[in-house]
Amino acid sequence: MEECVFCRIINGKVPAEKVYEDDKVISFLDIMPANKGHCLVVPKKHTQNMMEMDDEDLAATIHAAKKIAKALSLSFGAGFNMVMNNGKEAGQVVGHSHVHIIPRFQKDRLRIKWSHLKYEGNEMKEYADKIKKFI
Ligand code: 5GP
Ligand code: ZN
């Protein structure tokens, strides 16, 4: 089976600007950053999305994401957005689980904002009930 691009980075077959690595996780700069310093935090074990990740890898990824976020904040004095796209519908392009840590600056031009909808009548409870059935 052909390796995905992040597996190829993990195996050293494709170069990347690494900022962190441990036995479970690697982090490198996104090649097309939303803001400069945008990092990807990537579990070394290939899974398609968060649903497929085991809890240990998920914990290691989030733990590393916090380290990266702290480093971004110390190096650039920046806030950050932590984003994980899961599924094509959510904008996932690379099919290897990963978390984005995007540094945010006072007057940057990045917009990660959505317009707000309204629930009608009983809809809010109906949505909560649908979700709770599967938890
Ligand atoms: P997604 O939309 O799947 O959540 O984000 C994938 C991200 O991976 C994109 O922001 C894209 O710029 C980044 N990316 C894709 N290919 C490469 C690559 O070969 N090297 C690096 N460093 N980043 C990549
Ligand atoms: Zn992969």
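See the structure printed just above.
This section reports on the structure supplied with the text. Since this is a predicted model, take the numbers as computed values, not measurements.

Here we take up the sheet that holds strand E1 (residues 18–21). Read from one edge to the other, the open sheet built from 5 strands follows the order E1-E2-E3-E5-E4, with strand pairing classed as antiparallel. Each edge of the open sheet carries a strand with a single partner, namely E1 and strand E4 (79–83). Taking each pair of neighbouring strands and ignoring which way they run, the sheet shows an average axis angle of 20°. The sheet strands contacting helix H2 (residues 55–76) are E1, strand E2 (25–29), strand E3 (39–43), E4 and strand E5 (99–104), and the helix crosses E5 at an angle near 15°.

Right, let's get into the pairing of E2. When you tally the buried positions in E2, you get 4 out of 5 residues, the bulk of the element. Two strands pair when backbone bridges link them, and E1 and E2 are joined in this way by 3 bridges, in the antiparallel orientation. In the sheet register, Lys18 faces E2, and the bridge partner there is Phe28. Remark: 3 residues form the turn of the hairpin made by E1 and E2, two consecutive strands paired antiparallel. Summarising the sheet, E2 and E3 pair through 5 bridges and their orientation is antiparallel. Within the sheet, the bridge partner assigned to Phe28 lies in E3 and is Leu40.

Moving on, we get to the packing of aromatic side chains. On inspection of all chains with the given rule, the structure shows 3 aromatic pairs. Each ring, one from Tyr119 and one from Tyr127, has its centre 5.8 Å from the other, and the planes form 55°; the classification is tilted. Residue Tyr127 is classed as partly exposed on the basis of its relative accessible area, which comes to 41%. Here the basic side chain of Lys130 rests over the ring of Tyr127, its NZ or CZ set 5.3 Å away from the ring centre.

At 2.0 to 2.3 Å from the zinc ion (ligand 2) lie its protein donor atoms, namely Cys4 (SG), Cys7 (SG), His46 (ND1) and His96 (ND1). For the zinc ion (ligand 2), the 4 donor atoms are set out with angles of 101 to 119° between them, so the coordination reads as tetrahedral. Summarised as a motif, the one-chain spacing of the donors to the zinc ion (ligand 2) is C-x2-C-x38-H-x49-H. Of this pair, Cys4 sits in the segment before helix H1 (5–10) while His46 is found in the loop between E3 and H2, placing the two residues 42 residues apart along the sequence. Assessed through its relative accessible area of 19%, Cys4 is described here as buried.

Calculation rules
- Residues numbered from 1 in each chain as written.
- Chains lettered and ligands numbered in written order.
- Predicted model: local features only at pLDDT ≥ 70, side-chain atom pairs only at ≥ 80, totals over all residues.
- Heavy atoms only, no water.
- Pairing = 2+ DSSP bridges.
- Helix = DSSP H or I, 4+ residues; strand = E, 2+ residues; numbered from the N terminus.
- Axes fitted to C-alpha atoms, helices over the stretch in contact; angles between N-to-C directions.
- Contact = heavy atoms within 4.5 Å.
- Buried < 20%, exposed > 50% of the residue type's maximum accessible area, 1.4 Å probe, protein only.
- Phe/Tyr/Trp six-rings, centres within 6.5 Å; stacked < 30°, edge-to-face > 60°.
- Lys NZ or Arg CZ within 6 Å of the ring centre and 35° of its normal.
- Donors = N, O, S within 2.8 Å, 3.2 Å for Na, K, Ca; no water.
- Tetrahedral: all angles 85-135°; square planar, octahedral: opposite > 155°, others 65-115°.

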